Structure formats: C-alpha cells, structure tokens
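Chain by chain, the residues:
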Amino acid sequence: MSAGPAAGPLVSVRGVHRTYGTGAATVHALRDVSFDLTPGTMVALVGRSGSGKTTLLNVIGGLDRPDAGTVRVDGVEVTALDEDGLARLRRERVSYVFQTFGLIPVLSAAENVGAPLRLARMPAAERERRVGLLLELVGLAGHAEQRPGELSGGQQQRVAIARALAASPRLLIADEPTGQLDAETGLSVMALLRGVVESEGVTALVSTHDPTMIALADRVIRIRDGRLDGQEAP
Amino acid sequence: MSPRIRPPAPHWPSVRGRALADAGPLLLAAAVVAVVTLLAGAVPPLLAATADDAVRDAVRRAGEDADVLVHAELQRDDGPYGGRLRTPRLAEEVDDLRERVVDEIGPAMRAALRPPVASVSSPVLRVTDGSVLRTLQLVYLAADPRAGGGPRVTWVAGGPPGPSAAGAADPDREVPYDGPPWPVQVGLSEADAAALGVRPGDRIPLKDEEKRDKDVRVSGIFRAADVAEQAWRPVPWLLRPVPGVDGTGTTRLGALLSRDSLPDARLAFEQQDTQRTVRFSPDPGRLTTGLATSITANVVNLKAESGSSGDFTGPPRWQTRLDAVLRDAGTQIAAGYAQASVLLAGVLAAAVLVLLLAADLLVRRRGPALAAARRRGAGLPDLGSELLLESTAVTLAAAAAGFLVAGLVAPGVAWGWAVPVVLAAVAAGPGFGTLAAARATGDRRVPANRSARRWNLRTAQLRRGALEAAVLVAAVAALVALRQRGILPPGGGGDPAAAAVPAAAGSGTDGGTLPASAPALGVLAGALVLLRLLPAGTGLALRRSLRSRRPLAVFGAARAAATSARALPLLVMVTGTALATFALTLAATAERGLADGAWRTVGADARLDALRADAAATAALARRIGAAPGVRLAVAGQVTDGARVAAAGSVIVSPRLVVVDAAAYRELLATTPLPDAPDLARLGAPAAGGVPVLVRSGDGGMRPGMRMELRRDGGAPAIPLAAVGDAPAVDGADDVVLVDAAALAAAGLPVAANTVWATGPGAARAVAANAAGADAVSRENVLRARRDAPLTAGLLRLARAAAVVLSLLGLLGLVVGAAASAPERWRTLTRLRTLGLRPRDARWVAAGELLPAVLAAAVAGPLLGLLFARLTLGPLALRLLTGQPADPVLVPPWWPLAVVAAALPVAVAVLVPAESALRRRRRMSEVLRAGEG
C-alpha cells in the first residue's frame, strides 16, 4: 500500500462501474461515477433506495470492488489493495458507521469504542484515555460501562460513531446512520457527526434520505440509477 | 355471530419453495431419522435372534446337565417260592417306561427334545485283574424305535449277548436270593476288550462293592456303527475306557447288555441295584426363547410331581438341570436386553437432541421468510400446517427408508424405540417455526421500564429452572431406581421369553424404562449443569482477555460469551461424547471382565487336565512344558473336586482339593494377572493341629483358624488339617482347600499330580503339544468362546456401534450448531473486519467463539460418561455376561476416550477454515447488507 497523505482531494473516484448479475438479470449499480472529496468536509450522498448509494460507499471503503474505475483514499489506491492492504486501510484511514450500529453486545460501550485501538495494538493506558475522550465527545462519558443492550438506539449509534473515530481515520463512511432512529435522535446524531468533522478534521461521507440531515452537510452528491445526478451545496 | 373457523390452508408453492431452499438441513434431519430408525428398528429383532442363540448356546454348553432323566425302579421280581423270578420280557418294561414318559412331557418339550434313550445300568463293579484301579458298568440301551432304535453295532467277533444257559433253558425260572453269581452275557467294544485283554467266551474278573464275585462273560466284541449316535453320549465308557469318572486315577469301562441278557443282569444284582432310566437330550437347534419358557414351566411341574427313585410302585423321578440352565439363560438374556436398552436409550436421547438442533437451524434460516409470510397475512395455523406437512413427509420417508433397511438387516422390525425420534422429527420443526413466526409479528415488545424487563427475565429464568429441575429429578429417580432395583426385571428375569418380549417389541426393558434411561438422563442433567456454568466461564475468560494485549482473544472471548447460553449444541455435544464414553467403557469393562474371567477359569495361560495319576510322569511333563519355547513357568499339581472335608461341627463339605508346591504355585500366580495369595507362604511352616491348609469358601463353611479333617476312602485314617489362611480361587472354584504337596506327603498322603498349569506366550502351544490324551485348556480359547457367545458378542457389537453413532451425533451437534450460528458469527466478523481485522485473524476469532463450548464438551463429556459408568455398571449386572462371580471393575478405555474427546476440537480445526472458505465467497458488502435485514 502506498502510504502517506496526499495533497488535494482526500477521496478521488474515477470512472467507477459496478454491475451485479449477468445477462438479462444484470443490474448496473454504478455507471461511470467520478468525483472528489475535499478533506475535512461532511458530504451527504443522496438518492432513492436502489440508486447505488450503498454500493458506492462500499466501493470507496474497500468492502466491494468495482468492475472498472479507480478509487483513491488519502493517496492510496483502494482498488489495487489486497485483503491485508484493505485491512490496514480500514484500521488506519477509513472507518464505518452502520444503520444497525454493529456493536459487540457483550462488551461495554468503552470496550466497543476501544476495539479498533486494540486491533491497532495501542497501549492500554493510552487506549483508555482515548476511549474516555471519545465517549465524552459523543456525550456518553457516564455510560462507559453499559452494554449496548442497556443503551437506547441513539446512544448505541453514538457509541458506533465514537468507535469509528477511535483510530483517527481520515475518512468516515456512514450508511444511513439515522435509519433506525427517530427524527429527533437522528438529528442529534447528524449534529454529532457534523461536530466531529469539525473537531477531528475528519472527512465524512454520509448516505441519507432525510432533508433535515442533508442540511447539515457541506456538500451534497446526488445519485440516480447508478449515475451522478449532480453535486451541490445543501 | 360467532367467527367462522376455517381449516388451515397450506400454500403449496411456499411449502415447495421452502423445502427446496433448505434441502440441506432437511436432508440432514432425514439422515438422522433414517440412521436412528435403522438402529432402533434393527436392534430389537437382532436381540431377539441373539436371545434364541443364547438359549441354544447355554443348552449346548450345559451338555449332559441339560438332559432330562427319568428314573424308575424295575418292578419287584419276588417269586412265589421265596426266590427271585427271571423276567424274560424285562426289556418291555423299559420300553413301557420310555413310552409313558414321552406321553407325560408336554408338546413344547417334545418339540425341543430329541427322541429318548432308555437304559438300565448296573452298579459300578471293580475289575479285579490286579492292574491299576479299573471299573466296569453293565448297560442296556434302547433308543426310541421311531428314531431308528439302536444303538447300532457291528459284531466284529462273537455275537450279541444272549440269555444265560440257565435262562435259555427256563426263561421264567425262580432263583434263590442268596444263590451263586448269576451268569450274564455282555458285549464289549473293541477298545474296552483290548483294555481288558478279553475275547468272546472269556469271563471278566469283577467284584461288587461288597467284594462279591460276578459272573460276567463276553459274548462278542462290537464296533459302533456311528460313535456320534445319541445313545452313546451319556455312556462313553461303552465305546472306550474313560479315565477319572470314578475318582482320580481310575478308568471306567462298559459292557453292553441286550434285550436277551437284560433279565440275567437283573438277577445278577440286588433288586434295587438296577434301575430304568429314560434320557432325553435337548436339541439346541430347535430351541427358542418362547419354547424355553414352556419347557421351564413343564420341567418344574414334572419335578414337582416327581416320585422317589426308591419307590417301586410310585411315579418315576424326574431329574434335570434343564430348567435351571434355561432360567440362567433367561437371566442372561434379561441382562443383555437391559444393557442394550441402556445403550439404545442413550442413542435415542442424543438423536432427539440433534433433531431439535436441526429444527432450530431450519427456523433460524427461515426466520425472515416466516416473518414476511406473516406480514403478508399468512395465519399461524396455515404456516404450522405447511411446516407440519413438510416435516411429516421428510420424517416418514426417512423413517420408512430406515425401517426398510432394518427389515433387510433383521426381519421382524420393531417400531417402539423409534417412536420418540419420529415424533421429535415431526413436531420440532413446526413447533419452533410456528413459535418463531408468532414472535416475529406478535405484539410482544421489550418493556420500556426496567422492573417489567426484570420481571420478564425472572419469568423466563423460572421456566428454564423448572425444566432443568424436572430433568434433574427424573435423572435422580432413574439412578435411584437403577441402583435400588437393578436393571433386571423382578425375579431376576429368569423367563427367557419374558425377557425377550419387551426388547423384541422395542418397548424397553421389563426392568423399567426409567432405570434404563438413567445414564442418558444423568448425562443430560450433567450437561444442563454445565450449561449453567459455561456462561460464567466464558464471562471470566472475557474479563481476563480484556486485560490482555491480544485483540483476537478479546473478540473470540466476546463472541463465546455472547453465544455461551445456546443450549442445544452444548447439550448434544456433551450428551454425545458422554454416552459414547459410557458405551466404550461398558465394552471395555465387559472385555476386561471376560479376560479376567478366562484367567480365573484356567488359572494360567494354559492347563492340562485329567492327566494319569502318575506323579513322576506329571512332574516330568511339567518340566518338559516349562522348557518349551515361550513358556515362563509350568507347575504340576493335584486337583480333586468333591474332596470330603469335615469342617466345623463335623459338617462335611466338598471343596476342590488342590495339592501343589506352594512356593512354585505362588511364583506361577505372580506371572499372571490373578490376585496374589500371600498366605501361600504360611504353608511352609508347620501348624499346630494338622497339616497347614489355605481355605476358601463360598458360604463361609471353611474359615482360617478352623480345624478340619480330610476324609479318605477305604477306611484310611483321616488327615487333620489346620486352616492357616485364605486360598486363591483355583480355576474359578468357590470352595477350595489348598495344601502344600510336601506337607501332605509327610502326613501320609502322596501326591498324584493330575494337572499342569503353564504361563507365557508359548504356553498354549506347549500344553497342546504335550496333551497326549489329556484335556488341554487354553485361556485364549476360553476367552474366545466366551467373547463369541451370542449375547456377549451382540452386546459388545452394539456398544461399539452405539459409541460410533453417539460420537457422530456429538460431532453433528457441533456442525449443526455452528451452521445455525454461522450467519451471525460471520456478520460480526465482517463488522470487525471493517475495523481492520484481517481475514486470517477472523478465523481465529471464529475458533475462539466455538472452542469454549467444544472444550467444555470434550472434557466434561468423557468425565460424565465415566461417572455414570461408575454409578450404573454395577446394577447393569455385567458379571452375567463375563462369567465372573462379582461385577467387573470399571475399565476406562483411555485411548478410545482420548479419540472421542479430541474429535470435537479437531472438528473445530476443520470446520472453521471450511466455513471461512465458504463465507469468503461472499463479499463483505453482501454480508453487511444481509445483516441490515
């Protein structure tokens, strides 16, 4: 993996194609998608269900491979990485927030947040300090020892965001992070994301339907039937 | 208006679609049902067939003990003039008795017994030709004319015995009671004639017990047309000299009487000295357990109505051990069935758990589809009926296949044992599925407030606790019942047919289903306790791993803690391994018991019996055997059964008298696994009050410290004995008096060694090579015969087959449990991979999730199996199969147990990479997307 942050865009997507199935059942999920993301911005990826939002996020994050085109993140060509390279990319530069939170149920909130730091083999004292800071950042300092099952949905998503930020990624990818939350909680989660983008200097690419959430983004990328349908400020 | 209740309406395309989508798990459940129904269907009829074989084997082994003898005195022959009347038609009296007893025995006995042979035999006479002690008996034989009569002979010299000259001249002659010896003509076999050195026309020098001469002349020398003819079997001395029949060092010969010479033989002896006997020999090939029951009842009745042999006019006296032999066989059969029932109950319990697990796997796979069907409006009865149709079709087809194969393997398939498995297979899937569908769309939500959540939790815990308590109570009750009552039916199970019926019908043992389920229930209860402990263990492991620096340990422990409460996989693995251990231990213990029993019976690796009582020759023979290659030690001794020993209060007991060189015999014992007899060292020192002896008594009639006397024949003075210690069980005898040869010789009784024991790998060969007419007994042969006995061989085969099936079921529990939890596991692992976990590390985490339960089962399963083997093998009465006087000591088969225990962890080592390879075909995005669902 070529290392080191690059000057210019944090994310560079060029001519990405992705299809599923073959023959008559072929679905073109992404068609010739190209765009760049500037570091330290919060970008909303908007489109209807089935428009290709999740596929695009997966391709950028290295969870899926495009049929054609390239994706570079922080100067690293994601599409050229092998499994170990992708693992290192996720450990060091890209993190995810999912609609269903993806927390480990038997670990406390603090242990969940510290999971990426364990994978990065951070010393225990430093890890605990970092976890404390992150939980404070997401407003859950008082819930550190609670398990996911003892937290509300919004609190769980906050833990997921803290976990995503734990390894100080350059890019945070969030797929419908408020999809399972009520409007008020969802808004507070988006506000939190907005806040961490500013405080941590991270770039966030967030897929959403919600206009209220879209309003918090620095930029909006619209996607329709697998093609970019415009980029604009909210 | 009341709502209309409509019958369930299955949606056939859904049934078909679900079945095609989940063909794998359905086929797996079908395979389990097929295998278990095959086993459950085939074992009972195989057992029933084995029971018939066991009855036949028991009767065959009993030999003459199983013969039915009917004794009756001949009619008195007092004449009108104060003498005895010659009865020329005496043979007809014998024929009459034979006909009469044939009528008296019932149809069952007639079906199982060979045609009878009637006989008249004289007292045993001494041959007074000055040579070694030889005896002779006059015998008249008359086989059933319907079976060809006989015995058939060819006269090679002279002719058949005819009437004496006086008898021929006056067949109805009256002779005085105290007249001269009445002449009798007899025929001799070639071997007996050669041994006596007589020819036709010669008189055989004979005296009776009162030392009165007898006038017995040889009319001819015969050759038997068929030495295997039934009539000869009880009187082999008619064909050749037989040593040892009348005591150590004696040889008996026989002389054949004819219909014509029989009246003279009657007059040659006192009235009461000649007796009619009718002998029936059972035909083992015709015996079945059903017939055995009728015969036992019949014999008991006949014996109850039996008269006294001393009564000339009363009913005949019936004498046989056939009823006891059949009763013993019945007890063995009952024990065999009970032991088989225990093994089958274990297999069924594990199979039912595997079927529940397979149903759980199906429901997990179908959860979303069932929930979707409910949301589309499908009613629970409709869904339930669809699932029921599917499970019924799959189960019945699999069961039919299993029964079909069982029928081919063992005609007369039994259904009873398979019922729980079939019911579980039919009901589990629909039950779990309907419940899952109801929960998926039900109104039940997790309560918002904490106390309500706590209440729900406690209710669930209470429900689980009640279920566990029920299993525990059942296990304790079963164990108590088994230990208190034993596994045999009330009365010891002596009725062969009664013992055979329950197992043949596949309905468990007559001793009770509950005791037969004791090991299975006990193991299940143990597994439930382990299930309670495992979450605490995995929690502890998680807490420890959180303090470690190894992330994989944390994630593995976290997954293990999250899944440790899953009941069915652990229950199946523990039950499978524990009951496999139980079955293997049962087999190993029975094997060791058989081996110990063989050592006990032979007393060495090989033994020579019934040697001629020539001490010098026997000692030389022992030296020759001892010098043969592969022989460690050979020791000669004298073994006399039925020695007359006066014990306490002048009670005469009849122990086995063993005369050996005490030091050599102790050395011999040291080369065998037989228990040492340290008291043998005491025989060297003189004892006050008599020759020092060691004693062993089954009923306590002889004890160390007692003063006793060895009574001798012929008016020789008795030898005082002093019991100074405990004797070993020589060659399996319960009552033994063991004395040092030198001490006995010093007391005036020289040793006549008739037995040689030899140990070492070449002992059997050396003994066989030096047998020279004596009986060579090999421990290996005894062991092989016992191991190949139908019941024993059947049980050992069943135990090993059950161990294999149970181990496979345990492994199946691991595989199915892993398959059921795989989607969730790999979704979590994929999420961890989004945090930077490498693919190869994911495999370690997956192994970390599966290993705690697997290791718990691998350790606790064998331990539980051994524990319940320890608790239950005693009441299972293995001694009845091993031929030991006491239950064999538990023998854990360590290597097979190690294999059983290692199989599960090894399976994890195979399963995880295989699962990983399968999952890697799916992109991470697919896995995560599925998880969103």
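Scroll up to find the structure this text is about.
Note that the structure is predicted; figures quoted are calculated from it, not measured.

Enquirer: Would you take a moment to explain the pattern of salt bridges for this structure?
Expert: Where side chains of opposite charge bring their charged atoms close, a pairing between them can arise. Residues and elements named next belong to chain B. According to the stated counting rule, one finds 58 salt bridges over all chains in the structure shown. Salt-bridge contacts for Asp 264 lead to Arg 86; the nearest nitrogen and oxygen are separated by 2.7 Å. Of this pair, Asp 264 sits in helix α7 (residues 262–268) while Arg 86 sits in the loop between β2 (83–85) and α3 (90–104), and the two are 178 residues apart along the sequence. Look at Arg 86 and you get buried, because its relative accessible area is 5%. A salt bridge links Lys 207 to Asp 213; the nearest nitrogen and oxygen atoms lie 2.8 Å apart. Using a relative accessible area of 39% as the deciding quantity, one classes Asp 213 as partly exposed. A network of salt bridges, in which partner residues are shared, links Arg 559, Glu 824, Arg 825, Glu 849 and Glu 915.

Enquirer: For this particular structure, what's the right way to read the sheet that holds strand β20 (residues 691–696) of chain B?
Expert: All names here are of chain B. Pairing in this open sheet of 11 strands is mixed, and the strands run β18-β17-β21-β22-β20-β23-β19-β16-β24-β15-β25 from one edge to the other. The strands lining the two open edges of the sheet, one partner per strand, are β18 (652–653) and β25 (775–778). As defined by bridge partners, strand β17 (residues 645–646) adjoins β18 across 2 bridges and the pair is classed as antiparallel. Note that in β18 the partner of Ala 646 across the bridge is Ile 652. Strand contacts of helix α17 (residues 567–602): β15 (606–609), β20, β24 (755–759) and β25, with the helix running at about 35° to β15, the strand carrying the most contacts.

Enquirer: Just checking my understanding: could you explain the pairing of strand β6 (residues 94–97) of chain A for this structure?
Expert: Two faces, one strand: in a regular strand the side chains alternate between the faces of the sheet. Residue and element names in this part refer to chain A. Side chains Val 94 and Tyr 96 of β6 all project onto a buried face; the interleaved residues Ser 95 and Val 97 project onto the opposite face, where all are buried too. Pairing between β6 and strand β7 (residues 171–175): 4 bridges, direction parallel. Across the sheet, the residue bridging to Val 97 is Ala 174, located in β7.

Enquirer: How should the environment of B:Met109 be read in this particular structure?
Expert: Residue and element names in this part refer to chain B. Residue placement: Met 109 occurs in helix α4 (residues 107–112). Judged by its relative accessible area of 0%, Met 109 falls in the buried class. As for Met 109 and Leu 291, which are separated by 182 residues in sequence, their C-alpha atoms are 7.9 Å apart. Contact partners of Met 109, with chain neighbours within four places excluded, come to Val 68, Ile 295, Asn 298, Val 299 and Leu 302.

Each value, and the rule that gives it
Residue numbers here run from 1 along each chain, matching the order of that chain's written sequence. All chains are assigned letters beginning at A, and all ligands numbers beginning at 1, according to the order in which they are written. Restriction of local features to residues with pLDDT of at least 70 applies here, the model being predicted, together with a cutoff of 80 or more for giving and counting side-chain atom pairs; totals for whole chains, interfaces and linings are based on all residues. No hydrogens and no water enter the side-chain calculation; it runs on all heavy atoms of the structure. We define a salt bridge as a contact between a side-chain nitrogen of Lys or Arg and a carboxyl oxygen of Asp or Glu at a distance within 4 Å. Numbering goes from the N terminus for both helices and strands, where a helix is a DSSP run of H or I of at least four residues and a strand is a run of E of at least two. Using a 1.4 Å probe on the protein chains alone, a residue whose accessible area is under 20% of its type maximum counts as buried, one over 50% counts as exposed, and one in between counts as partly exposed. In this analysis, strands are considered paired if DSSP registers two or more bridges between them. Contacts are residue-level and defined by heavy atoms, with any inter-residue pair within 4.5 Å sufficient. Geometry is summarised by axes, namely lines fitted to C-alpha atoms with helices restricted to the contacting stretch, and by angles between N-to-C directions that run from 0 to 180 degrees.

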